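# Tertiary structure, described
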Amino acid sequence: MKKILMFLLCGLLFIGCFDDETIHADYVAYGRVYDTTSTDPVVKYISQYYYKYNKIIILDPLPGDYMFNFQSKHDVNMVQPPQDQESLLKRLQFLEEMFLNGYSDEVKNDMFPNIIILADSIKNLNTDKEVDIYTTTYYIAFLVNDGMLNKSEKEKEILSRNWNKTFLDYCTKKIDWKVPEEFYLYPTDDEFNKKENWWLPIPDATKKDTADINLVWERGYPTGNWTYYFAPYPVEEWGYASSSSKSGYLEKFFEFLFTTPQETIDKAIADHAKLKKPHDVLDQALKDDFGINYRTMVYKAKK
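How each quantity is defined
Residues numbered from 1 in each chain as written. Predicted model: local features only at pLDDT ≥ 70, side-chain atom pairs only at ≥ 80, totals over all residues. Heavy atoms only, no water. Phe/Tyr/Trp six-rings, centres within 6.5 Å; stacked < 30°, edge-to-face > 60°. Helix = DSSP H or I, 4+ residues; strand = E, 2+ residues; numbered from the N terminus. Buried < 20%, exposed > 50% of the residue type's maximum accessible area, 1.4 Å probe, protein only. Pairing = 2+ DSSP bridges. Axes fitted to C-alpha atoms, helices over the stretch in contact; angles between N-to-C directions. Contact = heavy atoms within 4.5 Å. Arc of directions from axis to C-beta.

## What to know about the packing of aromatic side chains
Using the criterion set out here, one finds 35 aromatic pairs in the structure. Where F112 meets F167, the ring centres are 5.2 Å apart and the plane angle is 70°; that geometry is what we call edge-to-face. Within this pair, whereas F112 is found in the loop between α5 (105-110) and β7 (115-119), its partner F167 is found in helix α7 (residues 153-174), the two being separated by 55 residues in sequence. Overall, the relative accessible area of 4% leaves F112 in the buried class. On the accessibility criterion, F167 (1% relative accessible area) is buried. Pairing Y249 with F253 gives two aromatic rings, centres 5.6 Å apart and planes at 70°, and the pair type is edge-to-face. Note that Y249 and F253 are positioned in helix α11 (residues 246-259) at a spacing of four residues, about one turn of the helix. For the pair formed by Y249 and F253, the shared burial category is buried. A network of ring pairs unites the aromatic residues F183, Y184, Y186, F192, W217, Y221, Y249, F253 and F256 as a single cluster.

## Let's talk about the sheet that holds β7
Spatially, four strands are ordered β3-β7-β11-β10 in an open sheet, and the strand pairing comes out mixed. Strand pairing shows two members of the sheet lacking a second neighbour, β3 (56-58) and β10 (133-135), which therefore form its edges. Put simply, the sheet's adjacent strands are angled 15° from each other on average, direction ignored. The sheet contacts of helix α4 (residues 85-98) involve β3, β7 and β11 (139-143), and relative to β7 the element is tilted by about 125°.

## Here we look at helix α12 (residues 262-271)
Taken together, the buried positions of α12 are I265, A268 and I269. For α12, the buried positions fall inside an angular range of 90° around the axis, keeping them on one side. Residues of α12 that are exposed and angled more than 90 degrees away from the buried face: E263, K267 and A270. Buried positions along α12 lie against α10 (214-218), α11 and α13 (273-290).

Structure, rendered in structure tokens:
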């Protein structure tokens with residue numbers, strides 16, 4: 001009985017996340033019924049989300065929801081999560097903690113996809129691999145199954161970073177969000193693509209050496225891939241390869257922000273002025289356009 005009471009209490013607290021608003025009850029697109037007066041906390045939550053943001057959360061995905069977009073077909077297969085109230089409520093709460101809570105109402109209105117899908121399994125048919133997030137122009141699907149719910153606190157932090165990075169990548173590619181031009185090291189892709197810009201050779205280095213990453217940061221790049229370049233064939237010249245395009249530079253900066261410990265980021269930008277400038281421009285743009293601080297937006301492990 002105690003467990004049941006705690007579950008019902010969690011449900012009541014959960015649906016309280018939305019402010020009191022006008023009562024709605026309709027049958028809308030995608031064949032779902034939305035009723036903000038429902039006593040089911042799951043139905044009430046997705047109904048309030050729909051009427052507040054004019055966007056949809058799908059908890060029972062069918063092929064028609066995710067495979068087709070007018071004339072195009074998405075090569076993905078999804079499995080519905082268990083449809084009992086307790087399972088669905090846990091999954092919605094997980095999505096809130098890992099992702100939704102990091103964004104303001106304005107961002108949800110203006111930049112969120114038309115549809116968010118929660119699935120028990122998401123398989124990319126192009127790669128034949130299971131994925132934990134899948135994006136298209138009009139929806140983002142999140143994998144929220146028992147395995148996800150049972151992740152350790154540290155694993156949840158990593159997952160949250162990945163989901164938020166993927167969403168920001170989505171914003172740049174799907175809705176054409178632009179970062180200020182002063183963010184970039186070079187004004188054009190042609191400049192980024194010059195070998196002397198993206199390639200940092202390390203004299204006499206070998207595969208096992210992996211030079212100091214500070215050499216990459218000093219040039220203003222957030223990441224570098226330790227690899228080789230033929231100079232000329234068959235001589236292998238080892239060094240760091242960095243982004244060779246503007247879009248790649250932004251994507252790698254997101255990766256840097258969401259996969260690097262904050263103390264490492266802080267020291268890197270303190271020590272390297274060419275890295276600090278783009279960091280500060282991107283940091284401010286995320287605050288201005290998304291209302292987010294990348295340092296605090298992701299899930300934080302509970303002690």
